[in-house]
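# Structural description and commentary
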Amino acid sequence: MLCADLCPAQLHTELSLLEIIDNADLSTRISLRLRSQVDRLIRVHHPAELGDAKLALRGPFRGLLGEGSNSVFGAHIHGTLLQIAWRGIERLDRYQVRAQAGEHWDELVQWSLSQNLQGLENLSMIPGSVGAAPIQNIGAYGVELAQRFVSLEAVHWESMTRKRFSREACLFAYRSSVFKHLSHQSWIISHVDVQLNPLATGESAASLDYRYPDLQQRFNRQPPDSALDIAAAIREIRSGKLPDPKVEPNAGSFFHNPRLSNEAALGLKARFPELPIYRDGEHHHKLSAAWMIEQCGMKGQRLGDVGVSAKHALVLVNHGEATGEMLMAFARKIIELVDERFGLQLTIEPRVLLS
Ligand SMILES: Cc1cc2nc3c(=O)[nH]c(=O)nc-3n(C[C@H](O)[C@H](O)[C@H](O)COP(=O)(O)OP(=O)(O)OC[C@H]3O[C@@H](n4cnc5c(N)ncnc54)[C@H](O)[C@@H]3O)c2cc1C
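Cut-offs used in this document
- Residues numbered from 1 in each chain as written.
- Predicted model: local features only at pLDDT ≥ 70, side-chain atom pairs only at ≥ 80, totals over all residues.
- Heavy atoms only, no water.
- Core = buried A, V, L, I, M, F, W, Y, C linked by side-chain atoms within 4.5 Å.
- Buried < 20%, exposed > 50% of the residue type's maximum accessible area, 1.4 Å probe, protein only.
- Helix = DSSP H or I, 4+ residues; strand = E, 2+ residues; numbered from the N terminus.
- Domains from an automatic or database assignment.
- Contact = heavy atoms within 4.5 Å.
- Phe/Tyr/Trp six-rings, centres within 6.5 Å; stacked < 30°, edge-to-face > 60°.
- Lys NZ or Arg CZ within 6 Å of the ring centre and 35° of its normal.
- Arc of directions from axis to C-beta.
- Polar contact = N/O pair within 3.5 Å; in protein donor to acceptor, adjacent residues only side chain to side chain.
- Pairing = 2+ DSSP bridges.
- Axes fitted to C-alpha atoms, helices over the stretch in contact; angles between N-to-C directions.
- Expected span 1.5 Å × (residues − 1).

### A look at the nonpolar core
In this structure, F255, L287, I293, L316 and I334 are the most contacted members of the largest nonpolar core, which totals 47 residues. If one sorts the elements of this core by residue count, helix α8 (residues 324-342) sits on top with eight residues. Split by domain, the residues of this core number at least three in each of domain 1 (9-84) and domain 3 (250-353). Setting aside residues up to four positions removed in sequence, L287 forms contacts with N257, P258, L260, A265, L268, L275, P276, I277, M292 and L344. Membership of the second largest hydrophobic core comes to 40 residues, among which are A99, L117, L120 and Y141.

Structural data, given as structure tokens:
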């Protein structure tokens, strides 16, 4: 095998061009910029190269890396991570679009709008790759990927067989899908198909979704003229509300908003009347984890190099030289505080791999 110790090195075979990086620094490859190294990182540029990547492992296969915007890694990861790097967007018919797994999600959103297709505008500016989007059924501003999703194709890591997953087979739920529950990294998503609509303007733009409170407020006097207005508003709102990972390294929301039965949620609301709760289906409510963290006095707090953003209480940040271990110890502290005060165990949104 052609591979240098201090890389990047490339493994050329007749069919493949793998990029192999030994002792790879992960801090520059994840939005939290945690101090972290993996024994080997293999960047794969085509699904057909996955078989070769399997032959090039150093130690055990430890999973996948997209753009690292929802990942926490410990200081040293043993084994090999694969980074999915194949890209491309194409129209399958007038309104159906296929995006390859390594494509930037936001590139897909912007491309679709430039093609006069609407449907993804509420998901503007979510960092990360297309391949990772179904894993937690990305969602924002009242829309989830599941609502636009048609199907995806994935390769099984053990057997290297391909399978098509319909929306039903993906079992999408709030920040969740079947892929979060299947055995460790068994499927590698190679592309995702979405169904969009023609860009509507003026009167016919009534189908746009701006029920989410921030958007309602923005458009209460003058409704949006088209999806382009929604996308622009969301870009502005997100830039003001969330810390920029380039300035304050973070992974977006670190905890899920707890989802409780109506009875349990209303019971808690009776004890804490200011707790923001939102209906989620007929039988459940979602509760604001950010509000609970803020009530525990943690917004803007810092412990060494880790802290809670002063801009948004759901976002944990790396102030300098933090490791994943430090961040997780801090997250556990927050979980304990919220549990003591509200009797609820917050759960963590990003993928965590510590060794
Ligand atoms: C500032 C900021 C704001 C954010 N806002 C939102 C938001 O509004 N809504 C939201 O839902 N999320 C949000 N996130 C989280 C993040 O953007 C999404 O989870 C995104 O889908 C992660 O993509 P990624 O490529 O960076 O994933 P990574 O962190 O690289 O990986 C995440 C998971 O996906 C798996 N994975 C990656 N590629 C593949 C593949 N090809 N096949 C199978 N599994 C794969 C990995 O194994 C891992 O388990 C935000 C993050 C940040 C930093």
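### Some thoughts on the packing of aromatic side chains
Evaluation of the coordinates by the stated rule reveals nine aromatic pairs. Above the plane of the ring of W157 lies K54, whose end atom (NZ or CZ) is 5.5 Å from the centre. Over the ring of Y174 we find K286; its NZ or CZ atom is 3.9 Å from the centre of that ring.

### Some thoughts on helix α2 (residues 105-114)
For α2, every residue scored as buried is listed here: W105, D106, L108, V109, S112 and L113. All buried residues of α2 fall inside an arc of 155 degrees around its axis, so they share one side. Contacts made by the buried residues of α2 are with β7 (89-91), β8 (96-100), β9 (117-118) and α5 (227-241). Positive phi shows up at N116, right after α2, with a value of about 60 degrees.

### Let's talk about unusual backbone geometry
For R33, which is not a glycine, the phi torsion comes out positive at approximately 50 degrees. By secondary structure assignment, the location of R33 is in the loop between β2 (17-25) and β3 (37-44). At N137, a residue that is not glycine, the phi angle is positive and equals roughly 50 degrees. Mapped onto the elements, N137 comes out in the loop between β9 and β10 (139-140).

### So, the side chain of R62
As for its placement among the helices and strands, R62 is situated in strand β4 (residues 61-65). Separated by 2.7 Å, the side chain of R62 and the backbone oxygen of S355 make a polar contact.

### Points about the sheet that holds strand β19 (residues 284-287)
The strand order across the open sheet formed by three strands is β17-β19-β18, and the pairing between neighbours is antiparallel. Edge positions in the sheet fall to β17 (259-261) and β18 (277-280), since each has one partner strand and no second. The sheet shows a mean angle of 35 degrees between the axes of neighbouring strands, direction not considered. Relative to β19, β18 runs antiparallel, the two being bridged by four bridges. Looking at β19, one finds that D280 is bridged to H284. Against the sheet, helix α6 (residues 262-271) engages β17, β18 and β19, with an angle of about 100 degrees to β17.

### Notes on α8
In this model, α8 (19 residues) spans 26 Å end to end at C-alpha, consistent with the 27 Å of a helix rising 1.5 Å per residue. Restricting attention to buried positions, one finds in α8 the residues G324, L327, M328, F330, A331, I334, I335, V338 and F342. Projected onto a plane normal to the axis of α8, the buried residues spread over an arc of 160 degrees and lie on a single side. Backbone geometry just downstream of α8 places G343 in the positive-phi region, at approximately 70 degrees.

Everything listed is a geometric property; what it means functionally is a separate question.
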